[in-house]
Each structure stands twice: as C-alpha cells, then as structure tokens.
Amino acid sequence: MIVVTGASGNVGGQVVALLAAAGERVTAVSRRTAELPEGVRQVRADLDDPAGLKDAFDGTDALFLLVAGQNPQAILDGAMAGGVRRVVLLSSQGAGTRPDFYRHPAAFEDAVRRSGLEWTILRPGGFHSNAYAWAESVRGGRSAAAPFGDVGLPTIDPADIAEVAAAVLREDGHAGRVYELTGPAPTTPRERVAAIGAALGTPVRFAEQTREEARAQMLQFMPEQVVEGTLAILGKPTDAERRVSPDVERVLGRAPRSFADWAVRNAAAFR
C-alpha cells in the first residue's frame, strides 16, 4: 500500500492516478474529497493533525509526503508505526539554495533524513503551472504581468514531478538521493507569455511589474519570508537555480517536458 498526501493537489492527484494505473494499492489523503480512480481508498485528514492520519498509515509500505503541517516528526512517527519503510518527500529547490528563506521545507528534509526510513527528496524549482496565475488576465484582456521579465529559469511540468515521484515510490535504487527537478531549458516570463499566446493562436501582451508590485500581490497568498525568497530567485537566481538538472531524465529515461508543451496541453484554461 502506498499513501499519497495532498491527493487533491496539482502533483498529488497525478501521483495517485499513475500509481493506480500501475496496479498499486493506493490510499489518497487530502483535506477535501477528491475524484479518484476506481479502487483508490480515500482518507480525509490534515497533516496539521498527525494523530488523524493513523487510519491512513495502517498497513502502508510507502509514503508520498508534502511539506505541510508543523510537526514533520510526528507525521513520520505515525507513518513508521503504521508500517511505512519508504518516504518520498516533495520539498523545494529553495531548501537547498536558500534555506534561510525556505525553513519549512528544510525542516521537513531534516526530519526525513533523521527518520531511519528509506528516503528520497524531490526538489523541484518553479512549476510551469504557476502560469495559471495569468489565466484570468489572459482570458479577460490577453495580457499577463510578472516581474523580471527577461530572467530565465528552468521551470518544470508538474506531470514530470508526479512521474518521478511514482517511479521512486515503486522502484528500488533511489534511497538517500536528492533529485533536483527542472525543465529542459530556462525560459523567461516574457517567453512563457509568448508561448501561451502561441498555444492560443493569438498574441498575449506581456506587462513587466516592479518588484514592489509583485511583492504586494504575492503577500496576499504567501508568507512574507517565502515571498522574499521567491523574489530573490526570480530576480537574481544563483547558478544552481539557473542550472538544468539531468535528474528527470536520469529517473524517467526521457527529457522533461517544455513550457511550450505544457501551454498547449493547458490552453483551455486561458481561452
């Protein structure tokens, strides 16, 4: 049995589908009811309440864990008590490159490393799907705004993250590894907006925000510490943050999907 936390989310939902399609027994954990493949067991629970996860963990071999909740050690203790021997943590690139800003994922990584479990850590950079933030303005006015319009980063398709996670949960040979997950090439916000326009068959105007405009917008839904770290990465990325990692291809045997490919597959969200 494999437990997938965040099963209603952008990555977790795809992990559930991939595991179920491969014939694995899956327990999907989420705070809200999710539409799941046939045969998948659903448990509604919150990672902020580790005691409420006992039913999910009983009889489980492996765990896909999100960085959520405030007590990773309690979550892992409950998982081990239920029989879990393998944990795959979905962390963040920032836990490695800017741990002072990304203390929450760094704390989860530390707990996983000390757990005594067979562990693997996934560190994706920015997601292609962050472009959904532009969906309303693209639909309403064929425009999209972002700061640092000509700074390129190798964002990644959440579908690739999910495929890597599913492979690592099912296969041996990944214990003790930290996989940096990126797309195939850096793209700038200006280039990503153009790719959305190409997918729609109509131009989309790019409007460059100031740092302060972007900061004010991000503070509406992100903690200040994470906002500052994110803006630092977007505006002045380190060499490590600009680097295209080989790890997706190393695990899956194929190159990661491009942003342009993601835009074509998700064009309906911007129409």
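Structural data are supplied above this passage.
Residues numbered from 1 in each chain as written. Predicted model: local features only at pLDDT ≥ 70, side-chain atom pairs only at ≥ 80, totals over all residues. Heavy atoms only, no water.

Caption draft 1: The arrangement of the packing of aromatic side chains in detail. Overall, the coordinates contain four aromatic pairs when judged by the stated rule. Relative to W262, the ring of Y132 lies with its centre 5.1 Å away and its plane at 65 degrees, an arrangement referred to as edge-to-face. Remark: W262 occurs in helix α13 (residues 259-265) and Y132 occurs in the loop between β6 (118-124) and α6 (135-141); sequence separation between them is 130 residues. Between Y132 and F270, the ring centres sit 6.2 Å apart and the planes meet at 15 degrees, which makes this aromatic pair stacked. Here Y132, found in the loop between β6 and α6, pairs with F270, found in the segment after α13; they are 138 residues apart in sequence, far enough to count as distant. Overall, the relative accessible area of 34% leaves Y132 in the partly exposed class. Aromatic rings pair up to connect Y132, F259, W262 and F270 into one cluster. (Phe/Tyr/Trp six-rings, centres within 6.5 Å; stacked < 30°, edge-to-face > 60°. Helix = DSSP H or I, 4+ residues; strand = E, 2+ residues; numbered from the N terminus. Buried < 20%, exposed > 50% of the residue type's maximum accessible area, 1.4 Å probe, protein only.)

Caption draft 2: Up close: the environment of D150. Secondary-structure assignment places D150 in the loop between β7 (143-147) and α7 (158-170). In this structure the C-alpha to C-alpha distance between D150 and G235, which are 85 residues apart in sequence, comes to 9.3 Å. Within the local environment of D150, its side chain forms a polar contact with the side chain of R190, the two groups lying 2.9 Å apart. (Polar contact = N/O pair within 3.5 Å; in protein donor to acceptor, adjacent residues only side chain to side chain.)

Caption draft 3: Geometry of the sheet that holds β6. Spatial strand order, β3-β2-β1-β4-β5-β6-β8: seven strands in an open sheet with parallel pairing. Looking along the sheet, the strands with just one partner apiece sit at the ends: β3 (41-44) and β8 (177-181). Each adjacent strand pair in this sheet contributes to an overall mean axis angle of 15 degrees, direction not counted. In this sheet, β8 lies alongside β6 in parallel orientation, the contact comprising five bridges. Looking at the pairing, L122 lines up with Y179 of β8. (Pairing = 2+ DSSP bridges. Axes fitted to C-alpha atoms, helices over the stretch in contact; angles between N-to-C directions.)

Caption draft 4: Structural context of the packing of helix α1 (residues 12-21) against α7. Contact geometry for α1 and α7: axes closest at 9 Å, N-to-C directions at 50 degrees. Between α1 and α7, the angle is such that the two are oblique. Pair α1 / α7 crosses with right-handed handedness. Contact residues: α1 offers Q14, V15, L18 and L19, while α7 offers P158, A159, A162, E163, A165, A166, L169 and R170. (Parallel < 35°, antiparallel > 145°, perpendicular 65-115°, else oblique. Left-handed = near helix turned anticlockwise from the far one by under 90°. Contact = heavy atoms within 4.5 Å.)

Caption draft 5: Up close: helix α8 (residues 189-200). Spanning twelve residues, α8 covers 17 Å between terminal C-alpha atoms, matching the ideal 16 Å at 1.5 Å per step. Among the residues of α8, P189, R192, V193, A195, I196, G197, A199 and L200 are the ones counted as buried. In this structure, the buried residues of α8 make contact with α6, β7, β9 (205-209) and α13. One or two steps after α8, the chain reaches G201, where phi turns positive at roughly 80 degrees. (Expected span 1.5 Å × (residues − 1).)

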